[in-house]
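Here's the letter readout for the chains.
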Amino acid sequence: MQSIQGRNPANGENIEVIVDDGFIQSILPAASGEDRWLSPGFIDLQINGYCGYDLNAESLTPDVVIALAQRLVALGITTFLPTLITAADEQLVAALRAIAAARHLSPLAAHMIPCVHVEGPHLSPTDGPRGAHPRAHVRPPDCDELERWQAASGGLVGLVTLSPHWDDALDYIAYATRRGILVALGHTDADPARIHAAAEAGARLSTHLGNGVAGELPRHPNLLWAQLADDRLTATFIADGHHLPPDTLTAMLRAKGIERSILVSDAVAIGGLQPGVYETPVGGTVELTAEGRIGIPGTGILAGAALPLRDGVANVARLPGFSLQQAVQMATENPGRILGGRGALRIGAPADLVQFTWSPDGGDLEIGRVFICGVEQ
Ligand SMILES: [Zn+2]
């Protein structure tokens, strides 16, 4: 039995969480004077790598997955979806095997990784919406390929991001949905009618809405308005201060509403490293700035995200009209609901908790103690 205290971001009240055998046994009011916040651990649906650990490297090994999970805990992450991008069939299957093996080797990885996010390879082949995904490996949706992924990983694929423009996309979405796999729309140039048809077929998410889209669109109708308007779609957003200008992020969050908005990092392997110029397998020569922006030098083109979810939470909490409570909800409860009920301060839930400090006057969100199943990490 242990007691963990802090201010609940949901209501600002001081609470004492009693943990027994890894689960939240009770949540009690506590004496005031606590300056640390206490929330469910952060949940990131899209992580490609961090601090040099690269899930999309050519030969991923289980130890890289485990080391990444351990590194992410220090950033307040208690659940994440390893995200594999467009690659050759054999590489995707091998990476899925490595992640499944990591879960067998490490109880921490097994708990933190409920499933895998495959972003691609069924994306738009067009420059612009395709982003940094290698065109050579973009291919149409294929239910047999999905079955190969599940066979290789013991059914570990839980989320697939695709473009619904492909002829067979609607059948694929319906098939994946029947198998209990979430489908997200992203890296697409589909027209609005196709977006709504994809939601009708079962798609439930928009991946990093506002990014992975053509630089120029008809003012209306277009696929952004369609995704903002369709209440069947919950949207994820990269709130790193570089991928979406503040007005765009503000307007998109208001359009989807807090309930249908989720923050993701989309962090890549050079995130968390020293600022400088790096050679990367997917983006080529890229520059990481001290502000956490990864770009192709001299172009203004972004080449991935570097900042952890923690920073996205702080950015949204500082947006005019938004609160810490809402920002935390978009990084805990909302993604947790998508994953079947994580991310809530609730009696009976696993005690995945993070203490942090933050003030509205600026400064970073500093992670303090992190607990996974009640065990301090
Ligand atoms: Zn993407």
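Refer to the structure presented above.
I will try to describe carefully the structure that is included in this document. (Residues numbered from 1 in each chain as written. Predicted model: local features only at pLDDT ≥ 70, side-chain atom pairs only at ≥ 80, totals over all residues. Heavy atoms only, no water.)

Observations regarding the overall build of the protein chain
Across its full length, the protein chain holds 11 helices and 21 strands. The C-alpha radius of gyration computed for the protein chain amounts to 20 Å, which stays within 12% of the reference 21 Å derived for 377 residues, consistent with globular compactness. Its C-alpha atoms put the protein chain at 60 × 45 × 45 Å along the principal axes. Relative to its full complement of 377 residues, the protein chain shows a buried share of 54%. (Helix = DSSP H or I, 4+ residues; strand = E, 2+ residues; numbered from the N terminus. Rg over C-alpha atoms; globule rule 2.2 N^0.38 Å. Buried < 20%, exposed > 50% of the residue type's maximum accessible area, 1.4 Å probe, protein only.)

Focus on unusual backbone geometry
Cis geometry is found at the peptide bond from Gly120 to Pro121, where omega equals -5°. Secondary-structure assignment places Pro121 in the loop between strand S9 (116-119) and helix H4 (143-153). A positive phi is found at His187, a non-glycine position, where the angle reads about 45°. One can find His187 in the loop between strand S11 (182-185) and helix H6 (192-201). A positive phi angle is found at His208, which is not glycine, with a value near 30°.

Concerning the sheet that holds strand S13 (residues 234-238)
Taking strand neighbours across the sheet as the criterion, the 8 strands line up as S5-S8-S9-S10-S11-S12-S13-S14 in an open arrangement whose pairing is parallel. Only two strands of the sheet have a single neighbouring strand rather than two, namely strand S5 (42-47) and strand S14 (261-264). Sheet topology places strand S10 (residues 157-162) next to S11; 4 bridges connect them, and they run parallel. Bridge pairing in S11 places Val160 opposite Val183. Packed on one face of the sheet, helix H2 (residues 89-105) meets strand S8 (77-85), S9 and S10 and runs near 160° to S8. Strands S9 and S10 of the sheet are contacted by H4, whose axis makes an angle of about 150° with S10. (Pairing = 2+ DSSP bridges. Contact = heavy atoms within 4.5 Å. Axes fitted to C-alpha atoms, helices over the stretch in contact; angles between N-to-C directions.)

Looking at the packing of aromatic side chains
Inspection of every chain in the model, using the stated rule, returns 1 aromatic pair. Ring plane angle 50° and centroid distance 6.0 Å describe the contact between Phe42 and Phe356, whose orientation is recorded as tilted. Here Phe42 is found in strand S5, whereas its partner Phe356 is found in strand S19 (residues 353-357), with 314 residues between them in sequence. Residues Phe42 and Phe356 agree in their burial class; the two are buried. (Phe/Tyr/Trp six-rings, centres within 6.5 Å; stacked < 30°, edge-to-face > 60°.)

Topic: the side chain of Asp230
Inspection of the secondary structure assignment puts Asp230 in the loop between helix H7 (223-229) and S13. Taking the relative accessible area as the measure of exposure, Asp230 reaches 5% and is therefore buried. A distance of 2.8 Å separates a polar atom in the side chain of Asp230 from a polar atom in the side chain of Arg232. Beyond its immediate sequence surroundings of up to four residues, Asp230 is in contact with His196, Ala199 and Lys256. (Polar contact = N/O pair within 3.5 Å; in protein donor to acceptor, adjacent residues only side chain to side chain.)

Structural notes on the coordination of the zinc ion
Protein-derived coordination of the zinc ion comes from Glu119 (OE), His187 (NE2) and His208 (NE2), at a distance range of 2.1 Å. Site description for the zinc ion: donor spacing in sequence, E-x67-H-x20-H. In this pair, His187 is assigned in the loop between S11 and H6 and His208 in the loop between strand S12 (205-206) and H7, connecting sequence segments 21 residues apart. Judged by its relative accessible area of 6%, His187 is buried. You can call His208 buried: its relative accessible area is 2%. (Donors = N, O, S within 2.8 Å, 3.2 Å for Na, K, Ca; no water.)

Thoughts on the side chain of Ser153
When you line up the elements, Ser153 lands in helix H4. Apart from residues no more than four positions distant in its own chain, Ser153 is found in contact with Leu96 and Ala100.

Some points on the pattern of salt bridges
Here the structure, examined in full by the defined rule, presents 10 salt bridges. Residue Arg310 is joined to Asp311 by a salt bridge in which the shortest nitrogen-to-oxygen separation is 2.8 Å. Several salt bridges share partner residues, and in doing so they unite Glu200, Asp230 and Arg232 into one network. (Salt bridge = Lys/Arg side-chain N within 4 Å of Asp/Glu carboxyl O.)

What about the sheet that holds strand S15 (residues 276-280)?
Spatial strand order, S15-S16-S17-S18: 4 strands in an open sheet with antiparallel pairing. Whereas interior strands pair on both sides, the edge strands pair on one side only; in this sheet they are S15 and strand S18 (301-305). With strand direction ignored, the average angle separating the axes of adjacent strands in the sheet is 35°. Bridge count for strand S17 (residues 293-296) against S18 is 3 bridges, and the pairing is antiparallel. Following the sheet pairing, Ile296 is matched in S18 by Ile301.

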